Amino acid sequence: MFSFPIRPMLLDTAKEPFDSAEHIFEWKVDGIRCIMFYQRGQVRLQSRNGRDCSYAFPELLTPSTMAKEAIFDGEITVLSGGKPNFEGVMARYIAGAKKAISMAVKNPAYYIAWDIIWHDGKSTAEMPLIERKAILSDTLKDSDTISKIDWVDTDGLTLWQAIIDHQLEGMVAKKKDSKYEFKRSHSWIKIKNYHEVVVNVLGYKQNDGYLLVGTDNHIQGHALGMSKNEKAVLWEIISRYGNIKDNTVWLPAGIRGRVRFTTWTPKGNMRDCHWVRFEV
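Below, the structure is looked at part by part.

Basis of the calculations
- Residues numbered from 1 in each chain as written.
- Predicted model: local features only at pLDDT ≥ 70, side-chain atom pairs only at ≥ 80, totals over all residues.
- Heavy atoms only, no water.
- Helix = DSSP H or I, 4+ residues; strand = E, 2+ residues; numbered from the N terminus.
- Contact = heavy atoms within 4.5 Å.
- Areas by Shrake-Rupley, 256 points an atom, 1.4 Å probe, with all protein chains shown as cover.
- Lys, Arg positive; Asp, Glu negative; His and termini not counted.
- Charge placed at Lys NZ, Arg CZ, Asp CG, Glu CD.
- Core = buried A, V, L, I, M, F, W, Y, C linked by side-chain atoms within 4.5 Å.
- Buried < 20%, exposed > 50% of the residue type's maximum accessible area, 1.4 Å probe, protein only.
- Arc of directions from axis to C-beta.
- Polar contact = N/O pair within 3.5 Å; in protein donor to acceptor, adjacent residues only side chain to side chain.
- Pairing = 2+ DSSP bridges.
- Axes fitted to C-alpha atoms, helices over the stretch in contact; angles between N-to-C directions.
- Disulfide = S-S within 2.5 Å.
- Salt bridge = Lys/Arg side-chain N within 4 Å of Asp/Glu carboxyl O.

### Looking at the overall build of the protein
Summing up its helical and strand segments, the protein has five helices and 21 strands in all. Counting only C-alpha atoms, the protein reaches 65 × 50 × 30 Å along its principal axes. Excluding contacts between residues fewer than 6 apart, the proportion of contacts in the protein whose partners are at least 24 apart in sequence is 69%. For the protein, the exposed area adds up to about 14300 Å²; of that, 51% sits on carbon and sulfur atoms. Of the side-chain charges in the protein, 38 are positive and 34 negative, and the distance between the mean point of each set is 6 Å.

Here it is in C-alpha cells:
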C-alpha cells in the first residue's frame, strides 16, 4: 500500500460552469481534504498537508468496507442547518484528542468519499476515473458518518443550478478518463459559486494586505485581490482619511466597495472574500 502520507490530486480553477460529455460533475464540499488509509480494520486519516488527524475524528475510524486494504480520497465536513460548516470542521480539526471524543457526539463530522486509489494490494491510480468510481461503489458502504459523493454525468449546468438554489460553495468537474495524479491537474476543475455584495470599507491591514469590509459597521470579511488601479485609489483614500493604529489603517464611514465571496458562515462572515472594485 502507498506509504503515509501521500500528496492528493489538486484541482485547477474555471470561472464558469459548463456541460461536457467528457466530464462528471460533483458538488464541492466545504471542509477538510482527507485521505483515508484503511488496512485490516485500522484507519489513519491524512489532511491535505500530510498531517495525521485520526485522533480528531474518532467517529470516522470504522468505515463499512468490503476491502481488506483501501485508500480513499474525500472531504471531512461538519453540517449546520444541513449545509457544510467550515468553521465547525476546523474546530474539530484543531481540538485535542480528549476534547474530540465529546465533540464527536455534540458536533459530529462526516466523511464524503469521491475516489479510491488503492484496493486490496493494487494501485487503482492509473485506472480511468469512471472505473475507480465503480470500484468505490462496490467497496465502500454508506453509513451514518461516511458516504460516497453524489455525481452527475454530462449535465454540469443542471447541477450548477441546484448548487445556486442550495447556496453551496461550488462544483467540481472531472474528466471521466482521468488518472489519479499526485499533483495539481487540469483534469479536475473547480468552479466556485461566488456572490457579490456592496460593503463598507472599514480599514486596511498593513501587515497582510487585507481590506476589512462589512455590510454595516462590523467586520464581516477580509478581502484580497485588488488590481493595480484599485490599489492606487486605496492609497489615495488612506493618505487623506486613514487613521493608523498598530498595523491597521482605519477609515471613516462612507467609503463603499464591492466584494465577491462563496458563502456566509454561521457567524455572519464572508468565506473566501475577494475585492471587486470601489463603488462611487
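### Digging into the nonpolar core
Ranked by size, the top nonpolar core spans 25 residues in total, and within it Met36, Leu45, Phe57, Leu60, Phe72, Ile76 and Tyr111 carry the most contacts. If you list the elements that add at least two residues to this core, you get β3 (32-39), β4 (42-47), β6 (69-80), α1 (86-94), β8 (109-119) and α3 (129-139). Apart from residues lying up to four places away in sequence, phenylalanine 57 is in contact with Ile32, Leu45, Ile76, Val89, Arg92, Tyr93 and Ala109. Membership of the second largest hydrophobic core comes to 20 residues, among which are Met226, Ile238, Val259 and Phe278.

### Re α1
Gly88, Val89, Arg92 and Tyr93 are the residues of α1 that are buried. Down the axis of α1, the smallest arc covering the buried residues is 140°, so these residues share one side. Buried residues belonging to α1 abut β3, β4, β6, α2 (97-106) and β8. Where α1 starts, the residue carrying a side-chain oxygen 3.1 Å from the main-chain nitrogen of glutamate 87 turns out to be asparagine 85.

### Quick word on the sheet that holds strand β1 (residues 10-13)
The mixed open sheet is built from five strands, whose spatial order is β1-β14-β13-β2-β12. Of all the strands in the sheet, just β1 and β12 (151-153) have a single pairing partner and so form its edges. Within the sheet, the average angular offset between the axes of one strand and its neighbour, ignoring direction, is 35°. Relative to strand β13 (residues 170-175), strand β2 (residues 23-27) runs antiparallel, the two sharing five bridges.

### Side note on α3
Those residues of α3 not exposed but buried are Leu129, Arg132, Lys133, Ile135, Leu136 and Thr139. For α3, the angular spread of buried residues about the axis comes to 165°, placing them on one side.

### A short note on the state of the cysteines
If you walk through the whole model with that rule in mind, you get zero disulfides. Cysteine cysteine 53 is unpaired, with the sulfur of cysteine 34 as its nearest cysteine sulfur at 4.9 Å.

### With respect to the pairing of β8
For β8, the buried fraction is high: nine of the eleven residues fall into the buried class. Bridge count between β6 and β8: nine bridges; the pairing is antiparallel. Each residue of the ladder has a partner; that of valine 78, found in β8, is alanine 109. Where β8 and strand β11 (residues 146-148) come together, three bridges link them in parallel fashion. Pairing of isoleucine 112 across the sheet is with serine 147, part of β11. As paired strands, β8 and strand β9 (residues 122-123) are joined by two bridges and run antiparallel to one another. For tryptophan 118, the partnering residue across the bridge sits in β9 and is serine 123.

### As for the pattern of salt bridges
What the rule picks out here adds up to 18 salt bridges. Residue lysine 192 is joined to aspartate 272 by a salt bridge in which the shortest nitrogen-to-oxygen separation is 2.6 Å. Taken together, the residues lysine 192 in strand β14 (residues 184-192) and aspartate 272 in the loop between β20 (256-261) and β21 (274-279) connect sequence positions 80 residues apart.

### Some thoughts on the side chain of threonine 248
You can see threonine 248 is positioned in strand β19 (residues 248-250). Side chain to side chain, threonine 248 and lysine 205 meet in a polar contact 3.3 Å long. For threonine 248, the contacting residues outside a window of four places in its chain are Tyr204, Lys205, Gln206, Leu212 and Asn243.

### Overview of unusual backbone geometry
That bond from phenylalanine 4 to proline 5 is cis: its omega, 0°, falls within 30 degrees of zero. The residue proline 5 is located in the segment before β1 in this model. Unlike most non-glycine residues, aspartate 120 shows phi in positive territory, near 45°. Mapped onto the secondary structure, aspartate 120 falls in the loop between β8 and β9.

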